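Results of the structural survey
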Amino acid sequence: MAQNRKKIVVFGSIVHDLISYTSRFPRPGESIRGNSFHQGAGGKGANQAVAAALLGANVAMIGKVGDDIFADFNIASMQKAGVETSAVEKVAGSTTGTATITVSEAGGENSIVVTLGANLEMSPVTAEAAETVIASFRSAGILLCQAEIPDAATKKAFEIGKKRGVTTFLNPAPGDPHLDQSMLAFVDIICVNENEAKFITGIAAPNPAQAEKAARAMLERGPMVAIVTLGPQGCLLAERSDGSSEIVVSLLPAESVTAVDTTGAGDCFCGSFVALLAAGIPLKEAARRAVMIASLSVMRKGTQSSYSSRAELTSSGF
Ligand code: ADP
């Protein structure tokens with residue numbers, strides 16, 4: 001990968017995953033034994049920060065955790081990947097965001113309860129307080145946000161980012177039909193999956209033709225670049241040329257791989273794509289490589305633990 005030129009600030013969520021693998025789901029009021037248990041650091045913001053840092057990008061995380069036993073685990077996981085965490089605040093009296101997940105091994109289905117805890121303490125004031133972190137990256141930076149914290153906080157961060165001349169990137173995941181879309185006026189690049197495309201544009205995007213319609217609709221709302229990820233089909237990239245109404249559309253297909261666990265694939269795509277952009281790789285090539293890197297992640301179990309490092313990619317000839 002080329003020499004890193006830009007810095008990345010992730011303003012987003014941190015969620016601790018608690019996963020019980022069972023033979024079946026418990027009925028209401030019933031207690032059953034799990035077969036095994038796994039815990040892991042997660043949250044869309046943290047996952048994307050880790051994916052970017054593992055590729056060698058210079059990444060700072062702005063987020064909140066509680067004052068419980070999960071806080072240090074999640075901070076340490078980001079630090080281990082190389083993410084700068086001095087702007088991650090421990091909120092006294094709050095809990096770290098948790099996802100309590102039951103996976104029924106019979107059908108591979110899961111049921112998930114997400115309790116956002118300290119993530120809900122993210123506010124416009126948090127963004128204002130972090131202005132120096134965002135501003136320190138100035139025009140050389142990229143601000144990366146998702147939709148797992150209050151919209152008002154994200155919108156304020158984007159407003160500050162635009163005022164300070166950074167490139168702004170929104171991945172409105174997990175899909176929320178009530179997302180405050182006025183924030184799109186401050187977004188340069190938007191990246192959605194099939195479901196999020198539907199929530200943002202009303203257009204379902206299970207295939208490239210529909211994805212192109214959704215991407216064009218998103219470009220009408222502010223961003224210069226719209227990406228729709230399409231799972232095993234890769235992604236569609238639509239780019240509005242500066243100062244012209246022309247839109248260039250590219251389909252970047254994924255290689256056929258044996259998918260073991262697709263959890264966090266979209267986060268891997270977003271973090272990798274932004275890291276590649278930060279390294280000076282042109283848009284279309286960054287999207288092509290991010291598709292490949294995300295496809296590698298679905299071949300491994302886990303979320304952050306399934307992401308490849310720059311060293312791993314280099315040694316496998318990437
Ligand atoms: P999300 O995880 O947000 O639902 P997608 O399912 O669209 O996002 O996946 C994001 C990226 O992960 C895809 O663009 C692709 O690169 C990769 N990916 C996901 N599922 C598969 C799969 N079954 N085979 C190959 N690549 C995949």
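Residues numbered from 1 in each chain as written. Predicted model: local features only at pLDDT ≥ 70, side-chain atom pairs only at ≥ 80, totals over all residues. Heavy atoms only, no water.

**Let's talk about the packing of aromatic side chains**
Per the counting criterion, the structure on display carries two aromatic pairs. Consider the rings of Phe-169 and Phe-273, whose centres lie 6.0 Å apart with planes at 45 degrees: the pair is tilted. With Phe-169 in strand β9 (residues 167-170) and Phe-273 in helix α8 (residues 265-278), this pair connects stretches of sequence that are 104 residues apart. Side by side, Phe-169 and Phe-273 carry an identical accessibility label, which is buried. Summarising the aromatic geometry, the rings of Phe-269 and Phe-273 are spaced 6.0 Å apart at their centres and angled 10 degrees between planes, so their arrangement reads as stacked. Taken as a pair, Phe-269 and Phe-273 lie in helix α8 at a separation of four residues, close to a single helical turn. For the residue pair Phe-269 and Phe-273, the accessibility class agrees, reading buried in each case. (Phe/Tyr/Trp six-rings, centres within 6.5 Å; stacked < 30°, edge-to-face > 60°. Helix = DSSP H or I, 4+ residues; strand = E, 2+ residues; numbered from the N terminus. Buried < 20%, exposed > 50% of the residue type's maximum accessible area, 1.4 Å probe, protein only.)

**A few points about the sheet that holds strand β2 (residues 15-22)**
Judged by pairing direction, the sheet is mixed, and its four strands sit side by side in the order β3-β2-β6-β7 without closing on themselves. At either end of the open sheet lies a strand with only one pairing partner, and these are β3 (36-42) and β7 (109-115). The mean angle between the axes of side-by-side strands here comes to 15 degrees, regardless of whether they run parallel or antiparallel. In this sheet, strand β6 (residues 97-104) lies alongside β2 in parallel orientation, the contact comprising eight bridges. Looking across to β6, one finds that Ile-19 is bridged to Ile-101. Helix-sheet contacts for helix α2 (residues 69-81) involve β2, β3 and β6, and the interaxial angle to β3 is about 65 degrees. (Pairing = 2+ DSSP bridges. Axes fitted to C-alpha atoms, helices over the stretch in contact; angles between N-to-C directions. Contact = heavy atoms within 4.5 Å.)

**Some words on the pattern of salt bridges**
Scanning all chains against the criterion turns up 14 salt bridges. With a closest N to O distance of 2.5 Å, Glu-89 and Lys-64 form a salt bridge. Note that Glu-89 is positioned in strand β5 (residues 84-90) and Lys-64 in strand β4 (residues 58-65), a separation of 25 residues in sequence. On the basis of relative accessible area, Glu-89 is assigned to the partly exposed category, the value being 39%. The salt bridge involving Glu-285 is made with Arg-288; its shortest N-O contact spans 2.8 Å. Of this pair, Glu-285 and Arg-288 are both found in helix α9 (residues 283-297), three residues apart, which corresponds to roughly one turn of the helix. You can call Glu-285 partly exposed: its relative accessible area is 24%. The class for Arg-288 is partly exposed, based on a relative accessible area of 36%. (Salt bridge = Lys/Arg side-chain N within 4 Å of Asp/Glu carboxyl O.)

**Focus on the site of the ligand**
The local shell around the ligand holds 15 residues, among which Thr-229, Gly-231, Gly-234, Gly-266 and Ser-295 are the closest. In the model, an oxygen atom of the ligand is placed 3.0 Å from a nitrogen or oxygen of the Asn-193 side chain. Contact distances for the ligand include 2.8 Å between an oxygen atom and a side-chain N or O atom of Thr-229. Relative to its unbound accessible area of 550 Å², the ligand is 83% covered by the protein chains. Among the elements of the structure, α8 and α9 are those that each provide at least two residues to the shell around the ligand. Of all the elements, α9 adds the most residues to the shell around the ligand, at three residues. Across the shell around the ligand, the residue classes tally to eight nonpolar, seven polar and no charged. (Near = heavy atom within 4 Å. Polar contact = N/O pair within 3.5 Å; in protein donor to acceptor, adjacent residues only side chain to side chain. Areas by Shrake-Rupley, 256 points an atom, 1.4 Å probe, with all protein chains shown as cover. Nonpolar A, V, L, I, M, F, W, Y, C, P; charged D, E, K, R; others polar.)

**Notes on the layout of surface pockets**
The volume enclosed by the second largest pocket comes to roughly 210 Å³. Lining the second largest pocket are Lys-6, Ile-142, Thr-167, Asp-188, Ile-189, Met-224, Val-225, Glu-239, Leu-277 and Leu-283. (1 Å grid on protein atoms, 1.4 Å probe; cavity = no way out; pocket = protein on both sides within 12 Å on 5 of 7 lines; lining within 4 Å. Points joined across faces, edges and corners; volume = space filled by probe spheres on them.)

**Thoughts on the sheet that holds strand β1 (residues 7-11)**
Pairing within the open sheet is mixed, and its nine strands lie in the order β5-β4-β1-β8-β9-β10-β11-β12-β13. Looking along the sheet, the strands with just one partner apiece sit at the ends: β5 and β13 (247-252). Recorded for the sheet is a direction-independent mean angle of 15 degrees between the axes of neighbouring strands. Strand direction decides the pairing type here: β1 and strand β8 (residues 141-145), joined by five bridges, are parallel. Residue pairing across strands places Val-10 opposite Leu-144, the latter belonging to β8. Where α2 meets the sheet, it contacts β4 and β5, and its direction lies at approximately 165 degrees from that of β5.

**Quick look at the pairing of β5**
Relative to β5, β4 is paired through five bridges, and the arrangement is parallel. Bridge pairing in β5 links Ile-62 to Ala-87. Note on the crossover from β4 through α2 to β5: the handedness is right-handed. (Right-handed = clockwise from strand over helix to strand, strands pointing away.)

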